[in-house]
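# Descriptive analysis of the structure
The chain contents come next:
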Amino acid sequence: MSLWVWILLALAAIALGGWLFRYAGQRITANRPYFRDMPYGVAFGYVFAGAAVLGGIWLYFQDGAVFFRWAVHGLLGFAAAAWVFRTLGRTVGTDRTRKFFRSMPLTASFGLLIILIYAVLAIFAPLIAPYGQEEVFQQVNALPGGDPAAGGNPDHLLGTDQIGRDLLSRLIYGAQNTVGIAFATTCLAFFLGGSFGFLAATLGGWLDQVLSRTVDVLMAIPSLIFALLLMTIASAWAGTQSWQLTFYMIVIIAVIDSTRVFRLSRAVGANIVVMDYIEAAKLRGEGLRYLIFREILPNAYAPLLAEFGLRFCFVFLTIASLSFLGVGIQPPLADWGTMVRDLAQFINFAAFSPLAAALPLMAAGAIALLTVAVNFVVDWMLQKSSGLKE
Amino acid sequence: MHPVLKIVIQRLLLGLLTLLVVSIVIFLAVNALPGDFAQAILGQSATPEAVAAIRRDLGLDQPAVTRYFSWLADMLTGDLGVSFAQANFASFVGTSAESGSGPVTVLQQITPRFQNTMFLAGVTAIIAVPVSLTLGILAALYRNSAFDRGVNIFALSSVSSPEFFLAYILILFLAVLNPVLPSLSNIFSDMGLGERLRATLLPALTLTLVVTAQMMRMTRAAIINLLASPYIEMARLKGISPTRVIVTHALPNALAPIITVIALNLAYLITGVVVVEVVFVYPGIGQLFVDSVKIRDIPVVQACCLIFASAYILLNLLADVLSILSNPRLRHPK
Amino acid sequence: MSNLVEIRDIWIEGRSDEDWLPIINGIDLTLAKGEVLGLIGESGAGKSTLGLAAMGYTRDGVRIKSGSVTFDGIDLIAASAATKRDLLGKRIAYVAQSAAASFNPAHKLIDQHIEAPVQHGISGRTEATQDGIELYRRLRLPNPEEIGFRYPHQVSGGQLQRAMTAMAMSCRPDLIIFDEPTTALDVTTQIEVLAAIRDIVEQFDTAAIYITHDLAVVAQMADRIKVLLRGDEVETADTRTMLSAPQQDYTKSLWAVRSFDRPAKPAPATDATPVISVQNITAAYGRMPVLFDVSFDIHEGRTVAVVGESGSGKSTAARVITGLLPQSQGVIEYRGDPLPADYRKRDRNQLRQAQMIYQMADTALNPRKTIGEIVGRPVEFYMGLKGRKKRERTRQLLNQIELEPDQFIDRLPSELSGGQKQRVGIARALAAEPEFIICDEVTSALDQLVAEGILRLLARLQDELHLSYMFITHDLATVKAIADEVVVMKDGRVVEHGPKKEMFTPPHHPYTDLLLSSVPEMDPDWLTELLAERGRENIGDAAVGKM
């Protein structure tokens, strides 16, 4: 329980520090309004943040804090890369692209950079990866690091898995498979949900009622649970070919997710349909095609694009979770969710070989990094389109 | 009748209807399977007795409507059937489904696990709700400050990370490098509360990270939206102190959105629980569900699915009803 | 030192994206004790910002860059938050534009009323409650004993606005800022609120800053008027001088707007077939009936103004004519032939002949299309013109509405001002070469000068192209300016119908009379005289209720 005592003591010290900080500020600046009107909570926050930074620096120089150092390096590295990327965007290119980068926060440029890197990895995976994803080598369970003395192999930087496949290659191919499949699924979901949503919004009446009620019911079942239920049935249906199950998974997740897309595009469409310019077009005698494609859709791009980003994250995470649970993307396709599950036990070797323990985290982190990146970009887009008045 | 009561009753009926339709969907999904269902499910290695038992159990010779209603009636009376795996096992060791000492029923399988899951969800909620509400309100009050941005980045990152990523990070730091908590949750029925809490803490923390981020962001948005209303400006222009503005003017109106946020996230917990239980080998209903999915154990899958869906619908319904009750416009009609 | 408020050389900025844009550029303002100052200007003039600055308050994203604000010798810019809090509500009070949004929906009116006196330690709860009821009585609210115990959504708009004035009075402040308190109200309700505000301010000798865009309103309320234009002061003078002898061109042009008046055309031949004939229309939204037995004719080259307050059914009548809301009974005839009730059953020519211009130009133009595409589409759709011919016709149309084609044809609606957008809306209607145009409150969202330009344009187009207009409006000044015939509607029925001249000379239907008499005039004595003439019981909601 001494840990709790220490924590309490530290908190008390910070609380006292906050009061001292404000008092000193008032004295030194001769009661400037900023310090005079500063609530105590703010002063506490400043001192707390200061203490956290100091604690972090102390931890950084501890011998055992390997992972913490990696995290700090990663964070700083990414921040620097994002900053360079943004500066580049602000100086190179046409006026429009430069303006695009001008108002961009660091988080968004980080997101954009990561998305670009993933896109390159996914498209050029066969060129970048040293080996094929199904290629099996002699040495199984080679440890990462490439040092033969430590159980590694210089030919396999990240080592090999239990049947001797190169992990670095599988990680890179994972971008192609995991991201590619998620992307295809999202596109399918958007095609289904979007077309039905806009139809429902434009036509209204019984079609809207039927579609909306159906979607209500489908959305009443939590999506991961529903996906698992349908995957069970699909697995009974699917033949022996493993790609069949992957294909069923794409369809199942796309259908489940299209309900969310339907809701959004119907709402967006309904907001646009009540506009006077739509009424004007209807009264002109325009047909349905013109209404949807020329009048409604051009005004729905911005929210739909943001939704595409969010849905992609959601689909991507669902697929990763299914794969992690063992019912998603099927071997021999390399994919990150499955890799996490297969490599998970390495985490227990953290004390002896930090790099080996990092393997499952690398695969999981690869998933997290992309979703974080997309979310950062979407967050910025949403803020840009709506938050200005705030 | 008081209009609020009327709306609430309407919503409750609607919720029940949704539940009914969802049960039909779940039933149909399973019964859409072609061919010899029992054989397909159990595969070639199944004993003929097991296949026969399943056929009889499912009443495959009867029309679908009859089957649905008898299935629904069974569900309502708590008879969730016998899992294929258990039936197969039972027939393998020679006890038949009819004999009293027969195989373990789905209900018997699910009950203890359901309790464990509720325990996990409860612990998570107790940690997550106060933390996220505080963080969300603070972020809204000090919006656009460094604190707000920091919390926002943290929240976005943890919302978008897969549950297993957060889980393994926590395992790495709290179980492997600094062994303060167990990385596997061994839960027994006769465990003391303290021990049980210790075993549950790591999965609960993982879920907390996921749910807190979401809840905090939603709380922040709701509060900022509220603070922008003209009546808050009016209160400030009346010279009311900031604390009082929050407590008497913002809070009563924030109740509905906050309740909605909490209920929606508890509903979200239900989905998140599946992956987290698998990571920590936590003996809950999510783990059972995933195992049954892998071996295509339809009765268990159906039952779990129905339980998850019911909890989800009930929580959403609760959010709906509570936010109706806290709306002054509905409580005091014209 | 006799001035209650002194603002010296104040500069205020608002944030837009990354930059700070000026809102108020170096304005001085003084206000003596008990004086009422009218702040007047068009949208974007910075009136509200200046009014709030007089309280030492700025909204989020707005900041005072330099200058000083002094209230009774206290420097409000340097004052601490606590000092300001002590003044607000107690000595300086605020009445907002939208009372419905500015009352907290979760509390009863009286609880919100007594909050300021109780929190500022002026009186106890019971005492403050009694005083509140007394104020409600003085502001002539119905049931003053009980109305305070209702929730905001249970009280009508005009009553809420008076309750808010009572709330501002609760601590008997030295200064009240009225921020467009009657803008959202119908004319008959507005007059009641104006009378109540003026009485109470006089009774307690409270100083006030009255912000509005309506000259006639400010003439009734203010001792002195300050005119603002885009953050700059145009001129300041006492009310009578300002009205009789404005100095600056801008002020003069504002005053002149109300003089636009087009002579009514001679009556049509009795046997002429009307372009549009509305015959005994009854219509309902779902099960709620909104129109009852409505009939009127619109003849070639003439303007029929349909007048009424919100909820009178005037816009619904337009929806029935266009076929968006099929009627349950009655017939619409176009040149003697009945039109199908549903627009989807009308042929292309029938659709072409009746065009519509909308109130909100913002929502009437697709924001993703250029002006050329918006105006060109009907040209292509109805006339079958393509390519160069279409572009030429589009340019011709833009010329017709006085927008330079080269400059505007490739712009997006968001790059246009409100008046320009409305002109594009007119061009789109003209592109169909119709005989009949419905103008739905086309000028009510525009500033007065711009609105006048639109009215003149419509008048010119009518003369050139022999168009028939159905002109829906709630503004009688607009009716006076442009109508040949007037239809007065109330609660879905036509209460009076006839040539403009007849409508504006007595005897009237009682409702028309009330409507006409409620429109504020520029004469500063108008309100006083009206109240003396009609009595307080015969204005506003009370009078409407008697009908």
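Taking an unreviewed UniProt entry as the reference, chain C is identified by name as ABC transporter ATP-binding protein belonging to Psychromarinibacter sediminicola. Taken verbatim from the UniProt record of chain C, the Subcellular location (unreviewed entry) comment is "Cell inner membrane". In UniProt, chain C has this text filed under Sequence similarities (unreviewed entry): "Belongs to the ABC transporter superfamily."

Chain A has the name ABC transporter permease in an unreviewed UniProt entry, where Psychromarinibacter sediminicola is given as its organism. Under the Subcellular location (unreviewed entry) heading, UniProt states for chain A: "Cell membrane".

### Brief notes about the sheet that holds strand β19 (residues 485-490) of chain C
All names here are of chain C. Across the sheet, six strands lie side by side as β16-β17-β18-β13-β19-β20; this open sheet has mixed pairing. Both outer strands of the open sheet, β16 (354-357) and β20 (493-499), are each paired with one neighbouring strand and no more. Along the sheet, successive strands turn relative to each other by an average axial angle of 15 degrees, direction set aside. Summarising the sheet, strand β13 (residues 303-307) and β19 pair through four bridges and their orientation is parallel. Of the residues in β19, the one forming a bridge with V306 is V487.

### Let's talk about the interface of chain C and chain A
Taken together, the contact between chain C and chain A spans 25 residues of the former and 18 residues of the latter. The tally of links between chain C and chain A comes to three salt bridges. In this structure, E286 of chain A and R377 of chain C form a salt bridge, with 2.6 Å as the shortest nitrogen-oxygen distance. Here chain C is connected to chain A by eleven residue pairs in polar contact (both at pLDDT 80 or more). Only α12 (314-322), α14 (361-364) and α15 (371-383) of chain C provide two or more residues apiece to the side of chain C that touches chain A. Top contributing element to the side of chain C that touches chain A by residue count: α15 of chain C, with four residues.

### Some thoughts on the domain arrangement of chain C
Residue and element names in this part refer to chain C. Under the domain assignment used here, chain C contains domain 1 (3-255) and domain 2 (295-505). Of note, the centres of domain 1 and domain 2, computed from C-alpha atoms alone, are 37 Å apart. Between domain 1 and domain 2, the residue contacts involve eleven residues of the former and five residues of the latter. Summed over both partners, the interface of domain 1 with domain 2 buries about 720 Å², with 40% contributed by carbon and sulfur atoms. The tally of links between domain 1 and domain 2 comes to three residue pairs in polar contact (both at pLDDT 80 or more).

### As for helix α7 (residues 157-169) of chain C
Residue and element names in this part refer to chain C. Look at α7: 19 Å from first C-alpha to last across 13 residues, which is about the 18 Å you get at 1.5 Å a residue. The buried fraction of α7 is high, at twelve of 13 residues. Among the residues of α7, G158, Q159, L160, Q161, R162, A163, M164, T165, A166, M167, A168 and M169 are the ones counted as buried.

### Things to note about the sheet that holds strand β11 (residues 276-285) of chain C
Sheet strands pair via backbone hydrogen bonds, and the direction of the pair is either parallel or antiparallel. Residue and element names in this part refer to chain C. The four strands lie next to each other as β12-β11-β14-β15, forming an open sheet whose pairing is antiparallel. Both edges of this open sheet fall to β12 (288-298) and β15 (337-338), since each of them pairs with a single strand only. Bridge analysis of β11 against β12 gives seven bridges, and the strand direction is antiparallel. When the sheet's bridge partners are listed, Y285 is paired in β12 with M288. Seen against the sheet, α12 touches β11, β12 and β14 (329-334) and runs at an angle of roughly 110 degrees to β11.

### Quick notes on the environment of V179 of chain A
Residues and elements named next belong to chain A. Residue position: V179 is located in helix α8 (residues 167-203). Owing to a relative accessible area of 12%, V179 belongs among the buried residues under this scheme. For the pair V179 and A119, spaced 60 residues apart in the sequence, the C-alpha separation amounts to 8.7 Å. Non-local contacts of V179, meaning those with residues more than four positions away in its chain, are made with Y118, G174, F312, F316, W336 and L370.

### A short note on helix α12 (residues 285-294) of chain B
Counting buried positions over the ten residues of α12 of chain B gives eight, a clear majority of the element. Taken as a whole, α12 of chain B has its buried residues at I285, G286, Q287, L288, F289, V290, S292 and V293 of chain B.

### Details of the UniProt feature "domain: ABC transporter" (unreviewed entry) in chain C
As recorded in UniProt, the feature "domain: ABC transporter" (unreviewed entry) lies at residues 5-255 and 276-516 of chain C. Taken end to end, residues 276-516 of chain C comprises 41% helix and 26% strand; its first and last C-alpha atoms sit 27 Å apart.

### Description of a nonpolar patch on the surface
Residues and elements named next belong to chain A. The grouping of L3, W4, I7, L8, L11 and F48 at the surface amounts to a nonpolar patch, some 620 Å² of accessible area in total. Ranked by the residues each element gives to the nonpolar patch, the list is headed by helix α1 (residues 2-28), at five residues. As for its position among the elements, F48 is in helix α3 (residues 40-60). With relative accessibility at 40%, the residue F48 sits in the partly exposed group.

### Notes on the pairing of strand β4 (residues 62-71) of chain C
Residues and elements named next belong to chain C. Pairing geometry for strand β1 (residues 3-16) and β4, over eight bridges, is antiparallel. Following the sheet pairing, E13 is matched in β4 by R63. Pairing geometry for β4 and strand β5 (residues 74-75), over two bridges, is antiparallel. Of the residues in β5, the one forming a bridge with F71 is I74.

### Describing the packing of aromatic side chains
By the definition in use, this model includes 24 aromatic pairs over all chains. On the numbers, 6.4 Å between centres and 45 degrees between planes, the contact of Y40 of chain A with F44 of chain A is tilted. Pair noted here: Y40 of chain A and F44 of chain A are both in helix α3, with a separation of four residues, about one helical turn. On the accessibility criterion, F44 of chain A (25% relative accessible area) is partly exposed. Both rings, one in Y60 of chain A and one in F61 of chain A, keep their centres 5.1 Å apart while their planes meet at 85 degrees; by these two values the pair is edge-to-face. Here the aromatic cluster, defined as three or more aromatic residues joined through ring pairs, consists of Y118, F312, F316 and W336 of chain A. Above the ring of W20 of chain C, the side-chain terminus of R63 of chain C is found at 3.9 Å from the ring centroid.

### Concerning the domain arrangement of chain A
What the domain assignment reports for chain A is domain 1 (1-61) and domain 2 (167-386). Once you take the C-alpha centre of each, domain 1 of chain A and domain 2 of chain A turn out to be 44 Å apart.

### Considerations on the side chain of T512 of chain C
Position of T512 of chain C among the secondary structure elements: in helix α22 (residues 510-518). Classification of T512 of chain C by relative accessible area gives buried; the value is 4%.

### Remarks on the state of the cysteines
Across all of its chains, the model carries zero disulfides over all chains by this definition. Lacking any disulfide linkage, C187 of chain A is separated from the closest cysteine sulfur, that of C313 of chain A, by 14 Å. Taking relative accessible area as the criterion, C187 of chain A reaches 33% and is therefore assigned partly exposed. As a non-bridged cysteine, C305 of chain B has C304 of chain B as the owner of its nearest cysteine sulfur, 8.3 Å distant.

The rules behind each value
For every chain, the first residue of the written sequence is number 1, and numbering continues from 1 along that sequence. The order in which chains are written sets their letters, starting at A; the order in which ligands are written sets their numbers, starting at 1. Local features are withheld for residues below a pLDDT of 70 in this predicted model, meaning they are given only at 70 or higher, and side-chain atom pairs are given and counted only at 80 or more; totals for whole chains, interfaces and linings count all residues. Side-chain measures were taken over the full set of non-hydrogen atoms in the model, leaving aside hydrogen atoms and water. UniProt positions are given in the numbering used here, feature names are shortened, and annotations may be inferred rather than shown by experiment. Only strands that DSSP links by at least two bridges are regarded as paired with each other. Numbering goes from the N terminus for both helices and strands, where a helix is a DSSP run of H or I of at least four residues and a strand is a run of E of at least two. Helix axes are fitted to C-alpha atoms over the stretch in contact, other axes to C-alpha atoms as well, and angles between N-to-C directions run from 0 to 180 degrees. Here, two residues are considered to be in contact whenever any of their heavy atoms come within 4.5 Å of each other. The term salt bridge refers to a pairing of a side-chain nitrogen on Lys or Arg with a carboxyl oxygen on Asp or Glu at a separation within 4 Å. Within 3.5 Å is the distance limit for a polar contact, defined as a pair of N or O atoms, with the added protein rule that one can donate a hydrogen and the other accept it, and that residues adjacent in sequence qualify only through two side-chain atoms. Start and end positions for the domains come from either an automated domain assignment or a database one. When two parts are brought into contact, each loses some accessible area as probed by a 1.4 Å sphere; the total of that loss over both is the buried area. By this rule, a helix spans an expected 1.5 Å times one less than how many residues it contains. Think of it in three bands: residues with accessible area under 20% of the maximum for their type are buried, residues over 50% are exposed, and the middle band is partly exposed, with areas taken using a 1.4 Å probe on protein chains only. A patch consists of residues whose relative accessible area exceeds 30% and which take part in no salt bridge; residues with like charges are grouped when within 9 Å of each other, and nonpolar side chains (Val, Leu, Ile, Met, Phe, Trp, Tyr) when within 5 Å. Methods summary: accessible areas were calculated by the Shrake-Rupley approach with a probe of 1.4 Å, and residue burial reflects only the protein chains presented. Think of it this way: a Phe, Tyr or Trp ring, Trp meaning its six-membered ring, pairs with another when their centres are within 6.5 Å, and the plane angle makes it stacked under 30 degrees, edge-to-face over 60, tilted otherwise. Here, a charge over a ring is recorded when the distance from Lys NZ or Arg CZ to the ring centre is within 6 Å and its angle to the ring normal is within 35 degrees. Whenever a pair of cysteine sulfur atoms sits within 2.5 Å, that pair is classed as a disulfide.

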